[in-house]
Amino acid sequence: MISSTIRSAAPWLLALATTASAAPQIGGCPVLPADNIWNARVDGMPRHPNSDAYIATMGTTRGVHPDFGTVYEGAPIGIPYVSVSGSQPRVAVAFDYDDESDPGPYPIPADAPIEGGPQSDGDRHVLVIDRDNCMLYELFYAYRQANGSWDAGSGAVYDLRSNSLRTAGWTSADAAGLPIFPGLVRYDEVVAGEIAHALRFTAPQTQSSYLWPARHEASSLTGAQYPPMGLRLRLKASFDVSTFPPQVQVILQALKRYGMILADNGSAWYVSGSPDSRWNDDMLVGELGRVKGSDFEAVDVSSLMVSPNSGATKQLLIENPVARGDGPPVVFRSRGGGG
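Procedures and definitions
- Residues numbered from 1 in each chain as written.
- Predicted model: local features only at pLDDT ≥ 70, side-chain atom pairs only at ≥ 80, totals over all residues.
- Heavy atoms only, no water.
- Helix = DSSP H or I, 4+ residues; strand = E, 2+ residues; numbered from the N terminus.
- Buried < 20%, exposed > 50% of the residue type's maximum accessible area, 1.4 Å probe, protein only.
- Contact = heavy atoms within 4.5 Å.
- Areas by Shrake-Rupley, 256 points an atom, 1.4 Å probe, with all protein chains shown as cover.
- Patch = residues over 30% accessible without salt bridge, like charges linked within 9 Å, V, L, I, M, F, W, Y side chains within 5 Å.
- Salt bridge = Lys/Arg side-chain N within 4 Å of Asp/Glu carboxyl O.
- Lys, Arg positive; Asp, Glu negative; His and termini not counted.
- Charge placed at Lys NZ, Arg CZ, Asp CG, Glu CD.
- Disulfide = S-S within 2.5 Å.
- Expected span 1.5 Å × (residues − 1).
- Phe/Tyr/Trp six-rings, centres within 6.5 Å; stacked < 30°, edge-to-face > 60°.
- Pairing = 2+ DSSP bridges.
- Axes fitted to C-alpha atoms, helices over the stretch in contact; angles between N-to-C directions.
- Polar contact = N/O pair within 3.5 Å; in protein donor to acceptor, adjacent residues only side chain to side chain.
- pLDDT = per-residue confidence, 0-100.

Undergrad: Before we go on, may I ask you to explain the overall build of the chain in this structure?
TA: Helix and strand content of the chain: five helices and 19 strands. When each of the 339 residues of the chain is scored for burial, the buried share is 53%. Counting only contacts in the chain whose residues sit at least 6 apart along the sequence, the fraction spanning at least 24 positions is 70%. Total accessible area computed for the chain in this model is approximately 13,800 Å², and 52% of it derives from carbon and sulfur atoms.

Rendered as structure tokens:
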């Protein structure tokens, strides 16, 4: 039961956070637990006190850019992934950063898609989901060898049913030490009408520190104006999304409700997604480019932390979207996050 105090709360009362009633899904697996920080709504969270400085450093007039789409110069645009069964043969992987990588073998098929295509000299991420065991395998700078093994810069393995974080100070397949797949814009979610998780994004200059849930930094810059890895941003509640095409509205509503997490050094305001032949590249670039850096604000999510070594969140009070012009009122029970 919801208490009479909450039931009679003023209409402007906002929760500290809410989560989706169920975790996002892929192939019958949760994409991390429902109470994971990636799946936490942040439209009711307090604004970060250093928000203005962070936004100014990243660029107030620069537009959002979709780092996903169809194909460009013969290569898929975005970070691809592949789903395999639990019987997929496992292969050896050698890592450049083996002291911060999860050892193999990994269930990588010979034809696993590589970010940027087989000839890419970029980040070359490879993402594999074992749909039978709900495990996620991610590689950075991955090259398949003639004997069927792989060489990679770094790699990480995640149980999609767990809130566990990597060892503090460890990288992953991403600079922030976070999983990549949970933050991707996926076409199937957009068509379904809702993205119920935070998105991954990059910034050109980051601070030599990180915020929960990130585990790693990748910079020598110490100025307080530089955004740290793991920083959460959200699209301002006052931003009007009604003039955008329906698919873009789904992305923008996710940025309002769940925000985005700074996960790597890269181009300013680039939002990550997976390639799909059904995207409309010109529409995505043109419409998302209308959203500027000044339309965002940084969010302080520290009060959600259950443990510094867990991605679980505390679920607190209620969220009233009516007060934010976001839809009908929704009430969420308060509960503690799991481990």
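Undergrad: Can you walk me through a negative patch on the surface in this structure?
TA: On the surface, Asp 96, Asp 98, Asp 99 and Asp 151 cluster together to form a negatively charged patch. With respect to the helices, strands and loops of the structure, Asp 99 is situated in the loop between strand 9 (93-95) and strand 10 (126-130). Classification of Asp 99 as exposed rests on a relative accessible area of 53%.

Undergrad: What is the right way to look at the state of the cysteines in this model?
TA: Covalently bonding the sulfur atom of one cysteine to the sulfur atom of another cysteine gives a disulfide. Under the definition given, this model contains one disulfide. Through a disulfide, Cys 29 is tied to Cys 134; the S-S separation comes to 2.2 Å. With the S-S dihedral at roughly -85 degrees, the linkage between Cys 29 and Cys 134 falls on the left-handed side. Of this pair, Cys 29 sits in strand 3 (residues 29-30) while Cys 134 sits in the loop between strand 10 and strand 11 (135-140); the two residues are 105 residues apart in sequence, bridging distant segments of the chain. Among the residues examined, Cys 29 registers a relative accessible area of 0% and is labelled buried.

Undergrad: Would you take a moment to explain the pattern of salt bridges for this structure?
TA: A side chain of one charge can pair with a side chain of the opposite charge if their charged atoms are brought near each other. One pass over the full model with this rule turns up twelve salt bridges. Arg 47 is the partner of Glu 297 in a salt bridge, and the nearest nitrogen-oxygen pair spans 3.4 Å. Of the two residues, Glu 297 sits in strand 19 (residues 296-299) while Arg 47 sits in the loop between strand 4 (40-41) and helix 2 (51-58), which places them 250 residues apart along the sequence. Given the relative accessible area of 40%, Arg 47 is considered partly exposed. Ionic pairing is found between Asp 159 and Arg 161, a salt bridge with its closest N-O pair at 3.1 Å. Overall, the relative accessible area of 29% leaves Asp 159 in the partly exposed class. Through salt bridges with shared partners, one network takes in Arg 47, Asp 52, Arg 234 and Glu 297.

Undergrad: Is there a simple way to explain helix 4 (residues 246-257) in this structure?
TA: The periodicity of an α-helix, 3.6 residues per turn, causes residues three or four positions apart to be oriented the same way. Under the 1.5 Å per step criterion, the end-to-end length of helix 4 is 16 Å for twelve residues, consistent within 8% with the ideal 16 Å. Where helix 4 is buried, its residues touch helix 3 (187-192), strand 15 (199-203), strand 16 (232-235), strand 17 (260-265), helix 5 (281-288) and strand 19. Looking at the residues trailing helix 4, positive phi occurs at Gly 259, about 75 degrees.

Undergrad: Please clarify how the packing of aromatic side chains should be interpreted in this entry.
TA: Within a pair of aromatic rings, the relevant descriptors are the distance that separates the centres and the angle that separates the planes. Under the criterion given, the structure shown has ten aromatic pairs. Aromatic pair Tyr 81 and Phe 181: ring centres 4.9 Å apart, planes at 75 degrees, arrangement edge-to-face. With Tyr 81 in the loop between strand 7 (75-76) and strand 8 (82-84) and Phe 181 in the loop between strand 14 (154-159) and helix 3, this pair connects stretches of sequence that are 100 residues apart. The buried category is assigned to Phe 181, whose relative accessible area is 1%.

Undergrad: Explain the sheet that holds strand 15 to me, please; I cannot follow it from the model alone.
TA: Sheet strands associate in pairs through backbone hydrogen bonding, adopting either a parallel or an antiparallel arrangement. Taken in spatial order, the six strands of this open sheet run 5-18-15-17-16-19, and their pairing is mixed. Each end of this open sheet is capped by a strand with a single partner; those strands are strand 5 (65-67) and strand 19. Between one strand axis and the next, the sheet turns through 40 degrees on average, direction left out of account.

Undergrad: Help me understand the side chain of Ser 154 in this model?
TA: When you line up the elements, Ser 154 lands in strand 14. Here Ser 172 takes part through its backbone oxygen, which lies 2.6 Å from a polar atom of the side chain of Ser 154. The residues touching Ser 154, leaving out its near neighbours within four places in the chain, are Phe 95, Tyr 97, Ser 101, Glu 138, Leu 139, Phe 140, Thr 171, Ser 172 and Ala 173.

Undergrad: Could you clarify how one ought to interpret the environment of Pro 228 in this entry?
TA: Among the secondary structure elements, Pro 228 is positioned in the loop between strand 15 and strand 16. The exposure class assigned to Pro 228 is buried, which follows from its relative accessible area of 2%. The spacing of Pro 228 and Ala 203 is 25 residues in sequence and 9.8 Å in space, taken between C-alpha atoms.

Undergrad: How do you make sense of the confidence of the model for the chain when you look at a structure like this?
TA: Low pLDDT means the predicted coordinates in that region are not meant to be read closely. Residues of the chain with pLDDT of at least 70 account for 87%, and the chain-wide mean is 90. Between residues 1-17, whose pLDDT stays under 50, and residues either more than four places distant or in other chains, the model counts 35 contacts. pLDDT under 50 marks residues 318-339. Its contacts with residues more than four places away, or in other chains, come to 66 contacts.

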